[in-house]
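What follows is each chain in one-letter form.
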Amino acid sequence: MKTKVAVLVSGGGTNLQALIDYQIEQGEKCPYEIVIVISDHKDAYALERAAKANIPAAITSPYSVMGKEAAHAADRDTKRTAVSNAVFELCKANGVEAIVQAGWLTVLAGDILKAYEGKIINLHPALLPKFGGVGMWGHHVHEAVLAAGEKESGCTIHLVSGECDGGKILIQKKVPVLPGDDPDSLYARIAPCEHEAMVEGLLWLCENK
């Protein structure tokens, strides 16, 4: 039986695309099926990728799950919990067995972490534990790596805990930081590694869920 997977996204969805492409390439041999894509941003291009692949999608932005006024008045933790609970309900409704955070920016909180303990992975665009935590996402990470004068960077797949970018590290892929790199050139070198690691991480989940 294929593992039913939810992929959580916030932006362009290139790592989601890697998972979709692998699923298509492997066909019946693929051990997973993406049954729903969930975005915490209504304008995420990843939603277009889901639509093209005929995968159901849902939006769980704070505004969509709380209402505009309540979301505007709420603090960060309240919004995180509301979004997390909405994701949890969607996962239960779709029989989800494993969750992949592929460029997902909301730190999950509450019951979903208990229900899916050891069954949620996250991709981080640096070599954790360096350059992790709140505010460390996307180009902010690559800028910090360059500012620190690091000789290498890469990406990390880790299990999700209640701590931002915490949890057991499963996979790391490294690339050199080259003289003259800027955030764009560094990201371009890391991106193919992200796509490989994303698939490897989900395959690990399928074997170990």
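*Asks:* What's the story with the nonpolar core in this structure? I'm lost.
*Replies:* What tends to happen in soluble globular proteins is that the nonpolar side chains get buried as a cluster. By size, the foremost hydrophobic cluster in this structure holds 36 residues, and its most contacted members are Val 7, Leu 19, Ile 34 and Val 100. The dominant element in this core, judged by the number of residues it contributes, is helix H8 (residues 183-208), at 9 residues. Sequence-distant contacts of Val 100, defined by excluding residues within four places in its chain, comprise Val 5, Ala 6, Val 7, Leu 8, Leu 19, Ile 121, Met 198 and Leu 202. With 19 residues, the next largest nonpolar core counts Val 83, Ile 112, Ile 120 and Val 160 among its residues.

*Asks:* Can you walk me through the packing of aromatic side chains in this structure?
*Replies:* Two numbers describe a pair of aromatic rings. These are the distance of the centres and the angle of the planes. Taken as a whole and assessed by the stated rule, the structure comprises 2 aromatic pairs. A centroid spacing of 6.1 Å and a plane angle of 20 degrees characterise the contact between Tyr 22 and Tyr 32, whose relative ring orientation is stacked. Note that Tyr 22 is positioned in helix H1 (residues 14-26) and Tyr 32 in strand E2 (residues 32-39), a separation of 10 residues in sequence. Their ring planes at 80 degrees and their centres at 6.2 Å tell us that Phe 88 and Tyr 116 sit as a pair that is edge-to-face. Note that Phe 88 is positioned in helix H5 (residues 76-93) and Tyr 116 in the loop between helix H6 (111-115) and strand E5 (120-124), a separation of 28 residues in sequence. According to the relative accessible area criterion, Tyr 116 is buried, its value standing at 7%.

Parameters at a glance
Residues numbered from 1 in each chain as written. Predicted model: local features only at pLDDT ≥ 70, side-chain atom pairs only at ≥ 80, totals over all residues. Heavy atoms only, no water. Core = buried A, V, L, I, M, F, W, Y, C linked by side-chain atoms within 4.5 Å. Buried < 20%, exposed > 50% of the residue type's maximum accessible area, 1.4 Å probe, protein only. Helix = DSSP H or I, 4+ residues; strand = E, 2+ residues; numbered from the N terminus. Contact = heavy atoms within 4.5 Å. Phe/Tyr/Trp six-rings, centres within 6.5 Å; stacked < 30°, edge-to-face > 60°.

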